[in-house]
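Coordinate inspection notes
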Amino acid sequence: MKIAILGYGTVGSGVFEIVRSNPEGIARRAGKEIEIKYVLDLRDFPGNPVEEVLVHDFAQIVDDPEVSVIVEVMGGVEPAYSFVKEALLKGKSVCTSNKELVAKHGAELLEIAKQKKENFLFEASVGGGIPIIRPLNQSLTVDEIQEVTGILNGTTNYILTKMRDEGADFADVLADAQARGYAERNPSADVDGYDAGRKIAILTSLAYGMQVDYEDIYTEGITKITKEDIAYANAVGANIKLFGTSKTVDGKVYAMVAPCMIGRDHPLYVVDDVFNAVLVRGNFLGDVMFYGKGAGKLPTASAVVSDVVDAVKHQGVNVMTIWNSRKLELADINTLQSSFFVRVPAAEKEKAKSLFAVDQEVTAEGIAGEYAFFTKPMAEGDFQGAAAKTKVLSRIRVEGTTKKWRNMI
């Protein structure tokens, strides 16, 4: 079985390495030997083994009847979308790690694959090396998904972990993450929550079987999290994590990306550093968590190669994925009930107590001149209305404020 790889960057070179390094194991699982016939890239790589199969013209790949599976790891929407669509229309299966492509055009590309009795597979697009797409699509089919919550971005999780452990400022830890290669020179996609937004859009679309546009998801990053916020969280034994969440409440689907303060009883509390995790809650199964490295060359490439094996095993047979192009209308986030951690200047204490239903007051060593507290659950819109009447220094949503956690605090 001959395949082609579009893009020889971090993930593409990882796919090339895995396929070339473990041909017997892959053939045993796929039922056929898999050979890389082409690698597409605009660049040349003198002295690299990829030179043997390197091409610069996509037409050479898509018009070759010997190529049955195409791996798209270029990133971005174009030309990836045009290439993938043409490949599917010409009867080739496609495997991709491209979250932007899947979030924007997943439903359409899945429909084309179904019509052509081929497959469009994208396990690596959400959790890197974490298997989450296949379980949602194949293993949790009898459950109604009530909630999907994930730490979906390793960069932000690393930053928040480092801020917690070292008491450092966001800017200093971001610079460290960039120096280590965890964050891009322009880190906006990570720290402003857009990367997590695309991933939760994909998971929500799969969970509910309809198209969710990531532009419709309320998205808030971690740039406003301060070392004072971290100090308060440490004082009560909590962690702050950037969550991508979608859940059903009273028949309505809410989705958001935002920092959350969580207690030790939350399943995602222990997920630190660059690791990612996804919590899925079903009506029969209860809670299931998927944990691992959410990015990186070989973990992501491993997930892509797993999709290649799946495509080879199902050649000519479409693996059904329930995700149609009908748009899922998300509920207004202002009606969602949430609890909040809030900081205001000490002078605003009485006003804050009159505006918010204070559940518990919080203090932290070394911080003075402030009044900090947890609220009881209230609608997001009501919180915004109350916050407009006082000076709020910081507010973070709180998840898992069970009686157990409150007593522990």
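Check the entry above for the structure.
The following paragraphs examine the structure supplied in this document. (Residues numbered from 1 in each chain as written. Predicted model: local features only at pLDDT ≥ 70, side-chain atom pairs only at ≥ 80, totals over all residues. Heavy atoms only, no water.)

1. Here's the deal with the overall build of the chain
This is how the line gets drawn: Working definition: helices are DSSP H or I runs of at least four residues, strands are E runs of at least two. Numbering for both runs from the N terminus. Throughout, radius of gyration means the C-alpha value; the globule benchmark is 2.2 Å times the number of residues raised to the power 0.38. Partly exposed describes any residue whose relative accessible area lies between the buried limit of under 20% and the exposed limit of over 50%, with all areas from a 1.4 Å probe on protein chains only and scaled to the type maximum. Contacts between residues were defined by any pair of non-hydrogen atoms, one from each residue, lying within 4.5 Å. A 1.4 Å probe and the Shrake-Rupley method give the accessible areas. Residues count as covered only by the protein chains that appear here.
When you go through the chain residue by residue, the secondary structure sums to 16 helices and 19 strands. Over its C-alpha trace the chain gives a radius of gyration of 23 Å, about what one expects of a compact globule, namely 22 Å for 409 residues. Considering only C-alpha atoms, the chain reaches an extent of 75 × 45 × 35 Å along its principal axes. Each of the 409 residues in the chain was classed as buried or not, and the buried ones make up 55%. Partitioning the intrachain contacts of the chain with sequence separation of at least 6 by distance along the chain shows that 73% fall at a separation of at least 24. Carbon and sulfur atoms provide 48% of the accessible area of the chain, an area that totals close to 17,700 Å².

2. Looking at the sheet that holds strand S2 (residues 35-40)
Here is the rule: Think of it this way: DSSP has to see at least two bridges between two strands before they count as a pair. For helices, the fitted axis covers only the stretch in contact; all axes are lines through C-alpha atoms, and the angles between them, taken along N-to-C directions, range from 0 to 180 degrees.
One open sheet holds the six strands; their spatial order is S3-S2-S1-S4-S5-S6, and the pairing between them is parallel. Looking at the sheet topology across the chains shown, the edges are occupied by strand S3 (54-55) and strand S6 (120-121). Where strand S4 (residues 67-72) meets strand S5 (residues 93-96), four bridges bridge the pair, whose relative direction is parallel. If you follow Val69 over to S5, its bridge partner there is Ser93. Where helix H1 (residues 10-21) meets the sheet, its contacts fall on strand S1 (2-6) and S2, and the angle it forms with S2 comes to roughly 165°.

3. Description of the packing of aromatic side chains
In plain terms, the rule: Put simply, two rings from Phe, Tyr or Trp (the six-membered ring, in Trp's case) pair if the centres are within 6.5 Å, and we call them stacked under 30 degrees between planes, edge-to-face over 60, tilted for the rest.
Tallying each qualifying case throughout the model produces 13 aromatic pairs. A centroid spacing of 5.7 Å and a plane angle of 45° characterise the contact between Phe356 and Phe373, whose relative ring orientation is tilted. Highlighted residues: Phe356 in the loop between helix H14 (349-355) and strand S16 (358-362) and Phe373 in strand S17 (residues 370-375), separated in sequence by 17 residues. Among the aromatic residues, ring-to-ring pairing joins Phe340, Phe356, Tyr371, Phe373 and Phe383 into one connected group.

4. Digging into the nonpolar core
Filter applied, for reference: To form a nonpolar core, buried Ala, Val, Leu, Ile, Met, Phe, Trp, Tyr and Cys residues must be joined to one another through side-chain atoms within 4.5 Å.
Formed by 83 residues in total, the largest nonpolar core has its most connected members in Phe120, Ile159 and Leu203. The contact partners of Ile159, leaving out residues within four places of it in the chain, are Phe170, Val173, Leu174, Ala177, Val191 and Ile222. Of all hydrophobic cores here, the second largest spans 31 residues; its members include Phe16, Val53, Leu54 and Val305.

5. What to know about helix H15 (residues 380-387)
So the rule is basically this: Taking the helix axis as origin, the arc is that swept by the directions to the C-beta atoms.
When H15 is considered as a whole, its buried residues turn out to be Glu380, Phe383, Ala386 and Ala387. For H15, the angular spread of the buried residues around the axis is 125°, confining them to a single face.

6. Let's talk about the pairing of S4
We apply this condition: If the strands point away from the viewer and the path from the first strand over the helix to the second runs clockwise, then the crossover is right-handed.
The buried count for S4 comes to six of six residues, which makes it a mostly enclosed element. Two elements, S1 and S4, share five bridges in a ladder whose sense is parallel. Opposite Ala4, over in S4, you have Ile70 as the bridge partner. This β-α-β element, S4 to helix H4 (residues 80-89) to S5, shows right-handed connectivity.

7. Describing the packing of helix H2 (residues 23-30) against helix H13 (residues 297-313)
What counts here: Here roughly perpendicular refers to angles of 65 to 115 degrees, roughly parallel to angles under 35, roughly antiparallel to angles over 145, and oblique to all remaining angles. In this scheme the crossing of two helices becomes right-handed for a clockwise turn of the near helix relative to the far one and left-handed for an anticlockwise turn of less than a right angle.
Remark: H2 packs on H13, axes separated minimally by 9 Å, with the N-to-C direction vectors making an angle of 45°. When the axis of H2 is compared with that of H13, the two are oblique. Handedness of the H2/H13 crossing: right-handed. Touching Ile26, Arg29 and Ala30 of H2 are Val305, Val309, Val312 and Lys313, all from H13.

8. Describing helix H5 (residues 99-115)
In plain terms, the rule: Here, expected helix span is obtained from the residue count minus one, scaled by 1.5 Å. Given a residue, its bend is the angle between the two axes fitted to the seven residues that end at it and to the seven that start from it. Any pair of N or O atoms that falls within 3.5 Å is considered a polar contact. Within protein, one atom must be able to donate a hydrogen and the other to accept it, and sequence-neighbouring residues count only if both atoms are side-chain atoms.
Taking 1.5 Å of rise per residue, 17 residues should cover 24 Å, and H5 covers 23 Å from first to last C-alpha, within 8% of that figure. Taken as a whole, H5 carries its principal kink of about 80° at His105. When H5 is considered as a whole, its buried residues turn out to be Leu101, Val102, Ala103, His105, Gly106, Ala107, Leu109, Leu110, Ile112 and Ala113. Two to three positions downstream of the cap, the backbone nitrogen of Glu100 sits 3.2 Å from a side-chain oxygen, assigning the N-cap of H5 to Asn98. In the segment just after H5, Lys117 is the residue with positive phi, at about 60°.

9. Some details on the packing of H1 against H13
Heads up, the condition is: Gly counts as polar in this scheme, as do all residues outside two lists: the nonpolar Ala, Val, Leu, Ile, Met, Phe, Trp, Tyr, Cys and Pro, and the charged Asp, Glu, Lys and Arg.
Two numbers describe how H1 lies on H13: the axes approach to 8 Å, and their chain directions differ by 65°. Where H1 crosses over H13, the handedness of that crossing is right-handed. Residues Thr10, Val11, Ser13, Gly14, Val15, Glu17, Ile18 and Val19 of H1 form the contact with H13, whose participating residues are Lys297, Leu298, Thr300, Ala301, Ser302, Val304 and Val305. Of the residues that constitute the contact of H1 with H13, the class distribution is eight nonpolar, five polar and two charged.

10. Brief notes about the pattern of salt bridges
This is how it is decided: Here a salt bridge means any side-chain nitrogen of Lys or Arg lying within 4 Å of a carboxyl oxygen belonging to Asp or Glu.
If you walk through the whole model with that rule in mind, you get 31 salt bridges. In this structure, Arg43 and Asp41 form a salt bridge, with 2.9 Å as the shortest nitrogen-oxygen distance. Overall, the relative accessible area of 10% leaves Asp41 in the buried class. Salt bridges sharing partners connect three or more residues here, namely Glu123, Arg134, Asp307 and Asp310.

11. Description of unusual backbone geometry
Along the chain, Glu78 connects to Pro79 via a cis peptide bond; the corresponding omega equals 5°. Relative to the assigned elements, Pro79 resides in the loop between S4 and H4. Positive phi, close to 60°, is recorded for Lys117, a residue that is not glycine. Looking at the element boundaries, Lys117 is found in the loop between H5 and S6. Positioned with a positive phi, Asp273 is a non-glycine residue whose angle comes to about 60°. Here Asp273 shows up in the loop between strand S11 (252-262) and strand S12 (275-282). Accessibility expressed as a relative area gives 31% for Asp273, which makes it partly exposed.

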